[in-house]
Amino acid sequence: MNLTESKRPRPLPSAHLLGTGTPRCAGCGGLEAVREVYDLLGARTVFVNAAGCLTLLATYPFTPFRGSWLYTAMASAPAGAQGVRDALDLLLAKGRMGPEEDLEVVVLTGDGAAYGMGLSATSSAMERGLNFLYLCYDNEGFGNTGQQFSEATPHAARTATSRGLRGFAGYKKDLFAIWTAHHPVYAATAVGAEPLDLARKIEKAKNLKGPRLLLTLAPCPPGWDFEPQEEVEIGKLAVRTGVWPLKEFIDGQVVHTKVPHPRLPVEKYLKKQGRFAHLFQPQRHEELLQEIQDKVDAYWAGVS
Ligand SMILES: Cc1ncc(C[n+]2csc(CCOP(=O)(O)OP(=O)(O)O)c2C)c(N)n1
Ligand code: SF4
Ligand SMILES: [Mg+2]
């Protein structure tokens, strides 16, 4: 059949934008961070996992971990963690389990749950002083369902549900600030591409009790549209351009653990990702690029 130009099938956008096909998940930044957390926490860990990409790690009754795994609805992981912690505390109190058998309760969640649906359960868990580690791998979208925007999606990024010339119209929420407003015992941002910084923060969190946040940026090859081998460079560029500040909150103070100096232009980070390609082609979108750079500059101007 001879199709006219208008009826000829056009090349499909990447599979993730349609939620179809096989995503290219090699180089997953979320998995990189989870692996390091697990290596340092060890097998005496219960992951309480909010539905998301990493849920697919476990196929009942198996997981790739030697520890335990509990799968919850998107909004309920902190409530699940409370139940597990309470059960452990009861067993300890009744002497049915020795302290050496105790487990670290870790919520493992994506940003869609952490910044949005699960926020009220998280806030309440912090309010109750729940002793848990909250590990959010932030791939800046609903990865598992085809990269729709989430409340962590950065301004102007293209997602499956923000495809216009200006990309996502909203702005990324500041989850770190929301957490610190609750005065947790510890909160930190991190990225797997800076493993020493991440390791130091895991060790610190491990030795504390109470609500603890590890918020790790998770560069996502299919969702952000880059090749898997670029993952570490993109993670490092997020830090060197100042887009993803590495910091921690401890004893009521926020301290930056790595101040990028000299700070690279944000463009270097954006250009590597197909989700920002419309800012450069067919022509440069100067106004949006400047807006993004200005926001990053304004953040660092406030850091002493
Ligand atoms: C209440 C509810 N709405 C929608 C879904 C479908 N769903 C499963 S995973 C997911 C995306 C979760 O996004 P995020 O928390 O960022 O994790 P990611 O998929 O990116 O790893 C969605 C929307 C669900 N499980 N529950
Ligand atoms: S979609 Fe992204 S975050 Fe999800 S498993 Fe694949 S690479 Fe990881
Ligand atoms: Mg996500």
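Refer to the preceding data block for the structure.
### Things to note about the overall build of the protein chain
When its secondary structure is counted, the protein chain shows eleven helices and eight strands. Relative to the globule expectation of 19 Å for 304 residues, the C-alpha radius of gyration of the protein chain, 20 Å, shows essentially globular dimensions. With respect to the three principal axes, the spread of C-alpha positions in the protein chain is 75 × 55 × 30 Å. When contacts within the protein chain are restricted to residue pairs at least 6 apart in sequence, long-range pairs at least 24 apart make up 67% of them. Summed over all atoms, the accessible surface of the protein chain reaches about 14,800 Å², with 58% contributed by carbon and sulfur. When the 33 positive and 32 negative side-chain charges of the protein chain are each reduced to one mean point, those points stand 3 Å apart.

### Some points on the site of ligand 2
Close to ligand 2 lie Cys25, Cys28, Cys53, Asn139, Cys220, Pro221 and Pro222, which account for all nearby residues. Taken together, the residues of the shell around ligand 2 sort by class into six nonpolar, one polar and no charged.

### Details of the sheet that holds strand β8 (residues 253–258)
Read across the sheet, eight strands follow the order β2-β1-β3-β4-β6-β5-β7-β8 without closing on themselves; strand pairing throughout is mixed. The open sheet has two edge strands, β2 (68–72) and β8, and neither has a second partner. Going from strand to strand, the sheet's axes swing by 20° on average, the running direction of each strand aside. Where strand β5 (residues 186–191) and strand β7 (residues 246–250) come together, two bridges link them in antiparallel fashion. Bridged to alanine 188 within β7 is glutamate 248. On the sheet, helix α7 (residues 195–206) packs against β3 (104–110), β4 (132–138), β5, β6 (211–217), β7 and β8 and is oriented at approximately 160° with respect to β5.

### With respect to the site of ligand 1
Around ligand 1, the structure places 16 residues, and the nearest of them are Cys53, Gly112, Tyr137, Gly143 and Asn144. The side chain of asparagine 139 places a nitrogen or oxygen atom 2.9 Å from an oxygen atom of ligand 1. Against a free-state accessible area of 580 Å², the protein chains account for coverage of 73% of ligand 1. Here the element with the most residues in the shell around ligand 1 is helix α4 (residues 111–117); it accounts for four residues. Residues of the shell around ligand 1, tallied by class, amount to seven nonpolar, eight polar and one charged.

### Quick look at the side chain of threonine 45
Tracing the backbone shows threonine 45 in strand β1 (residues 45–50). Residue class for threonine 45 comes out buried when judged on its relative accessible area of 1%. A polar atom in the side chain of threonine 45 sits 2.6 Å from the backbone oxygen of glycine 42.

### Points about the pairing of β1
Within β1, six of the six residues are buried, leaving the element largely enclosed by the surrounding structure. Here β1 shows no split at all, with Thr45, Phe47 and Asn49 on one side and Val46, Val48 and Ala50 on the other all buried. Bridge count between β1 and β2: five bridges; the pairing is parallel. Its bridge partner being in β2, phenylalanine 47 is matched across the sheet by tryptophan 69.

### Concerning the packing of aromatic side chains
For the structure shown, the criterion picks out eleven aromatic pairs. Here the aromatic rings of tryptophan 224 and phenylalanine 226 are separated by 6.4 Å at their centres, their planes lie at 65°, and the arrangement is edge-to-face. Of the residues examined, tryptophan 224 reaches a relative accessible area of 0% and is grouped as buried. For phenylalanine 226, a relative accessible area of 4% translates into the label buried. For the pair tyrosine 299 and tryptophan 300, a centre-to-centre distance of 5.2 Å together with 80° between the ring planes defines the contact as edge-to-face. What makes tyrosine 299 partly exposed here is its relative accessible area of 27%. Given a relative accessible area of 9%, tryptophan 300 falls into the buried group. Its guanidinium or amino end placed over the ring of tryptophan 224, arginine 275 lies 3.9 Å from that ring's centre, counting from NZ or CZ.

### Here we look at the state of the cysteines
For the coordinates displayed, the defined rule picks out zero disulfides. In this structure cysteine 136 is a free cysteine whose sulfur lies 12 Å from that of cysteine 53, the closest cysteine sulfur available. Relative accessible area serves as the criterion here: at 0%, cysteine 136 is assigned to the buried category.

Calculation notes
- Residues numbered from 1 in each chain as written.
- Chains lettered and ligands numbered in written order.
- Predicted model: local features only at pLDDT ≥ 70, side-chain atom pairs only at ≥ 80, totals over all residues.
- Heavy atoms only, no water.
- Helix = DSSP H or I, 4+ residues; strand = E, 2+ residues; numbered from the N terminus.
- Rg over C-alpha atoms; globule rule 2.2 N^0.38 Å.
- Contact = heavy atoms within 4.5 Å.
- Areas by Shrake-Rupley, 256 points an atom, 1.4 Å probe, with all protein chains shown as cover.
- Lys, Arg positive; Asp, Glu negative; His and termini not counted.
- Charge placed at Lys NZ, Arg CZ, Asp CG, Glu CD.
- Near = heavy atom within 4 Å.
- Nonpolar A, V, L, I, M, F, W, Y, C, P; charged D, E, K, R; others polar.
- Pairing = 2+ DSSP bridges.
- Axes fitted to C-alpha atoms, helices over the stretch in contact; angles between N-to-C directions.
- Polar contact = N/O pair within 3.5 Å; in protein donor to acceptor, adjacent residues only side chain to side chain.
- Buried < 20%, exposed > 50% of the residue type's maximum accessible area, 1.4 Å probe, protein only.
- Phe/Tyr/Trp six-rings, centres within 6.5 Å; stacked < 30°, edge-to-face > 60°.
- Lys NZ or Arg CZ within 6 Å of the ring centre and 35° of its normal.
- Disulfide = S-S within 2.5 Å.

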